[in-house]
Amino acid sequence: MTALGWAVLVVALLGVVLAAAALERERTRSRRRWDRWSTWVDEAVSGRLPAPTFEETAESSVDARLRRFLGSSLDARRRLDEERDAIQSLIGTIAHQAKLPLSNIILYAELVGEAELSPETRRRTELVLDQAMKLDTLVSTLVTASFLESGAIVVAPVPCRLDAVLERAAGEVATAAGERGCVLRVLPTAAVCLADPTWAREAIGNLMDNAVKYSSAGGVVVVGVEELEVFCRIDVTDAGVGIAEEETASIFRRFYRSPSTADDRPGLGIGLALTRQIVQLHGGFVRVRSAPGRGSTFSVYLPRAAPAGDSDAGVDA
Ligand code: ADP
């Protein structure tokens, strides 16, 4: 090969090497750029604004624009969160404040009902009482929903006897059961679990309330307790309308109501969400077994209190 030929070959090889190096540099830069942008997006998703860059390159001007965009999205999200919190707290406050006047209306209507009244006045008084009770249920549900939304539920578990919890919860559902012509049977138990008695009553009471609400007239609801190794399992069983299999995952979502029952049974779809949240705060869980048209069993698992050959002292009834 002539000297010129060698020279051309060397230049060509040099060109190839330089092009490969340039390509590799560009690939590295592009990889870094994508890594940086995806880190920024991740940070923005978790609410942080990426640190600014101070270079005068075309690339850094894209960086700056992306940063501005992420910044304004974050601001918009923050504003939305603040507005949502404000609305939630307003609803919670109004609901709380409406409870007292409503209780007074119910009390006074009951007092009026005890007096000697003409049949017409009695009918009207009962109407007022009935409407006030409905309003009271709605307002109580709103108070509960605002608790649920704000994550303000704090449980203080203590060793507590389940028979007392179940009896109190059943007492609160007794009127509704009577009105539906349902029998609510609580089986005896000596189980002691680790739970906040007030919140446990609320959680299990919701299940009893549902069992009555979704039963037919004359239905029987049975509440029983099984002591397992780590948990106490509280079963609330009804022979009511049941739940379709494809719905069992949805019923614990806030505001979910089955289209098959939503029209003829009152409710807002937050009872089960609240029950699940309360039970989870105790370190427990909720399960459901159901067959449409045959009934349902909701099972609440609450931690057992340490088996104490100890005295009953300190056990909350
Ligand atoms: P609500 O009863 O106010 O609708 P819940 O959150 O308590 O709200 O229940 C959500 C849905 O789950 C109900 O709308 C109903 O469709 C279904 N459900 C709950 N408990 C039962 C039950 N014992 N039997 C049949 N369906 C039930």
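Residues numbered from 1 in each chain as written. Predicted model: local features only at pLDDT ≥ 70, side-chain atom pairs only at ≥ 80, totals over all residues. Heavy atoms only, no water.

Participant: Explain the overall build of the chain to me, using residue names and the numbers behind them.
Facilitator: Scanning the chain from terminus to terminus reveals six helices and seven strands. Order of helices (α) and strands (β) in the chain, N terminus to C terminus: α-α-α-β-α-β-β-α-β-β-α-β-β. Taken against the 2.2 N^0.38 rule, which gives 20 Å for 317 residues, the C-alpha radius of gyration of the chain at 32 Å runs more than 25% over that of a compact globule. Taking all 317 residues of the chain together, 33% fall into the buried category. For the chain, the distance from the average site of its 36 positive side-chain charges to the average site of its 42 negative ones is 7 Å. (Helix = DSSP H or I, 4+ residues; strand = E, 2+ residues; numbered from the N terminus. Rg over C-alpha atoms; globule rule 2.2 N^0.38 Å. Buried < 20%, exposed > 50% of the residue type's maximum accessible area, 1.4 Å probe, protein only. Lys, Arg positive; Asp, Glu negative; His and termini not counted. Charge placed at Lys NZ, Arg CZ, Asp CG, Glu CD.)

Participant: Break down the packing of aromatic side chains for me, with residues and values.
Facilitator: Under the criterion given, the structure shown has five aromatic pairs. Where W34 meets W37, the ring centres are 5.4 Å apart and the plane angle is 85°; that geometry is what we call edge-to-face. With W34 and W37 both in helix α1 (residues 3-45), this residue pair falls three residues apart, about one helical turn. For the pair F231 and Y301, a centre-to-centre distance of 6.2 Å together with 90° between the ring planes defines the contact as edge-to-face. Here Y301 lies in strand β7 (residues 295-303) and F231 lies in strand β5 (residues 231-238), a separation of 70 residues in the sequence. Residues F231 and Y301 agree in their burial class; the two are buried. Taken together, the ring pairs in this structure connect F231, F285 and Y301 into an aromatic cluster. (Phe/Tyr/Trp six-rings, centres within 6.5 Å; stacked < 30°, edge-to-face > 60°.)

Participant: Would you mind going over the side chain of T189 in detail, with residue names and values included?
Facilitator: With respect to the helices, strands and loops of the structure, T189 is situated in the loop between β2 (183-186) and β3 (192-195). Polar contacts involving the side chain of T189 include one to the main-chain amide nitrogen of A191, which spans 3.0 Å. Sequence-distant contacts of T189, defined by excluding residues within four places in its chain, comprise L162, D163, L166 and V225. (Polar contact = N/O pair within 3.5 Å; in protein donor to acceptor, adjacent residues only side chain to side chain. Contact = heavy atoms within 4.5 Å.)

Participant: Go over the site of the ligand with me, naming the residues and quoting the values.
Facilitator: Taken together, 21 residues lie around the ligand, and N210, Y214, R257, S258 and L272 are the ones closest in. Y214 is positioned with one of its side-chain polar atoms (N or O) 2.8 Å from an oxygen atom of the ligand. Calculation on the ligand without its partners gives an accessible area of 530 Å², and the protein chains cover 97% of this total. Of all elements in the fold, only α5 (197-213), α6 (271-281) and β7 reach the threshold of two or more residues within the shell around the ligand. Top element by residues in the shell around the ligand is α5. It accounts for three residues. In terms of residue class, the shell around the ligand is made up of 10 nonpolar, eight polar and three charged. (Near = heavy atom within 4 Å. Areas by Shrake-Rupley, 256 points an atom, 1.4 Å probe, with all protein chains shown as cover. Nonpolar A, V, L, I, M, F, W, Y, C, P; charged D, E, K, R; others polar.)

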